[in-house]
Amino acid sequence: MRSRHRAAAIGAALTAVEHDANSRGWDALPALLGLFDATTDRHQPHIAIDVLGVDPAFWWLHEQTVPGMRLPYGVGLKTLTAHLVGPDAPATLARWAGQRRLAGMAFLAEGLDTSDAGRRDAAAHGLCAGPDGVPVRVLTACDVDGRHYQILRVRGAATTRTTILDDPPARVRASVIPACLHRLLAAARP
């Protein structure tokens, strides 16, 4: 699949994933997803999505016993990445990817946006921001061409904000979730 067609197919697949997550409702555990090139007709590119099975208890690590302390899911993703790509890592990624053509990795999670931009976005949708931040669902992905994708939905909003960066700046690539996705992508590809 050509790069520009891959970008469009991945964008469409990610939009469908977020739409499905929105139809299921909120308060879901995160998901680590593989984006596989399943094109059978070169005129109709297709990306198949497969969830990497992670024990649900793993995502509950962010629920600490210390009152008021919660670690973001990104910390769990970083720990999972280290486990899956380290020198003593099990062959979990290779078995999961198999002989399929891995085109990208994605991470779907909910969290709180504490930024001023997040508060402005919530206000633009007529939604209130709580004292801890604005509840959001974010689907972040990286593909084999180095693109960065993000679909963000503010809780209660009817629409999403989609960003696709063909050449993401270093600060984006170095942030926790994209860095983990790139490491996982590199480790899972044969």
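Here the structure is shown first, and the text comes after it.
Cut-offs and rules
- Residues numbered from 1 in each chain as written.
- Predicted model: local features only at pLDDT ≥ 70, side-chain atom pairs only at ≥ 80, totals over all residues.
- Heavy atoms only, no water.
- Phe/Tyr/Trp six-rings, centres within 6.5 Å; stacked < 30°, edge-to-face > 60°.
- Helix = DSSP H or I, 4+ residues; strand = E, 2+ residues; numbered from the N terminus.
- Buried < 20%, exposed > 50% of the residue type's maximum accessible area, 1.4 Å probe, protein only.
- Lys NZ or Arg CZ within 6 Å of the ring centre and 35° of its normal.
- Core = buried A, V, L, I, M, F, W, Y, C linked by side-chain atoms within 4.5 Å.
- Contact = heavy atoms within 4.5 Å.
- 1 Å grid on protein atoms, 1.4 Å probe; cavity = no way out; pocket = protein on both sides within 12 Å on 5 of 7 lines; lining within 4 Å.
- Points joined across faces, edges and corners; volume = space filled by probe spheres on them.
- Nonpolar A, V, L, I, M, F, W, Y, C, P; charged D, E, K, R; others polar.
- Salt bridge = Lys/Arg side-chain N within 4 Å of Asp/Glu carboxyl O.

> Quick question: what am I supposed to make of the packing of aromatic side chains here?
Centre distance and the angle of the planes are the two values used to describe a pair of aromatic rings. Counting across every chain of the model gives one aromatic pair. Seen from their ring centres, Phe36 and Trp96 are 5.4 Å apart, and the 70° between their planes marks the pair as edge-to-face. Of this pair, Phe36 sits in strand E1 (residues 31–37) while Trp96 sits in helix H4 (residues 92–97), and the two are 60 residues apart along the sequence. Here the two residues Phe36 and Trp96 agree in accessibility, since each one is buried. Above the ring of Phe36, the side-chain terminus of Arg100 is found at 3.8 Å from the ring centroid.

> Explain the nonpolar core to me, please; I cannot follow it from the model alone.
Side chains of a nonpolar character, in soluble globular proteins, are inclined to be buried together. Formed by 23 residues in total, the largest nonpolar core has its most connected members in Leu32, Met105 and Phe107. Within the residue set of this core, elements represented by two or more residues are E1, helix H2 (56–59), helix H3 (73–85), H4, strand E3 (101–113) and helix H7 (176–188). If you tally residues by element for this core, the top one is H7, at five residues. Those residues within four positions of Met105 in sequence are excluded, and the remaining contacts are Leu32, Leu33, Gly34, Leu35, Trp96, Thr140, Ala141, Cys142, Leu181, Leu184 and Leu185. Counting 18 residues, the second-largest nonpolar core is a separate cluster that includes Ala13, Ile47, Ala103 and Ile151.

> What am I meant to see in empty space enclosed by the protein here?
Where empty space is left becomes clear once a probe the size of a water molecule has been rolled over the atoms. As enumerated under the stated definition, the model contains one cavity of 30 Å³ or more in all. Here the largest cavity is characterised by a volume of approximately 40 Å³. If you go around the largest cavity, the residues you meet are Gly11, Leu14, Thr15, Tyr149, Gln150, Ile151, Thr162, Thr163 and Ile164. Looking at the lining of the largest cavity, the elements that each hand over two or more residues are helix H1 (3–24), strand E5 (148–154) and strand E6 (161–165). Here the lining of the largest cavity is built from residues that sort into four nonpolar, five polar and no charged.

> Looking at this structure, how should I read the pattern of salt bridges?
Side chains that differ in sign of charge can pair as their charged atoms come close. Counting across every chain of the model gives ten salt bridges. Asp27 is paired through a salt bridge with Arg155; the nearest N and O atoms lie 3.6 Å apart. Remark: Arg155 occurs in the loop between E5 and E6 and Asp27 occurs in the loop between H1 and E1; sequence separation between them is 128 residues. Judged by its relative accessible area of 62%, Asp27 falls in the exposed class. Among the ionic pairs, Asp50 bridges to Arg100, the shortest N-O distance being 2.9 Å. Here Arg100 lies in the loop between H4 and E3 and Asp50 lies in strand E2 (residues 47–51), a separation of 50 residues in the sequence. Given the relative accessible area of 23%, Asp50 is considered partly exposed. We classify Arg100 as partly exposed; its relative accessible area is 33%.

By themselves, these observations are geometric and do not establish any function.
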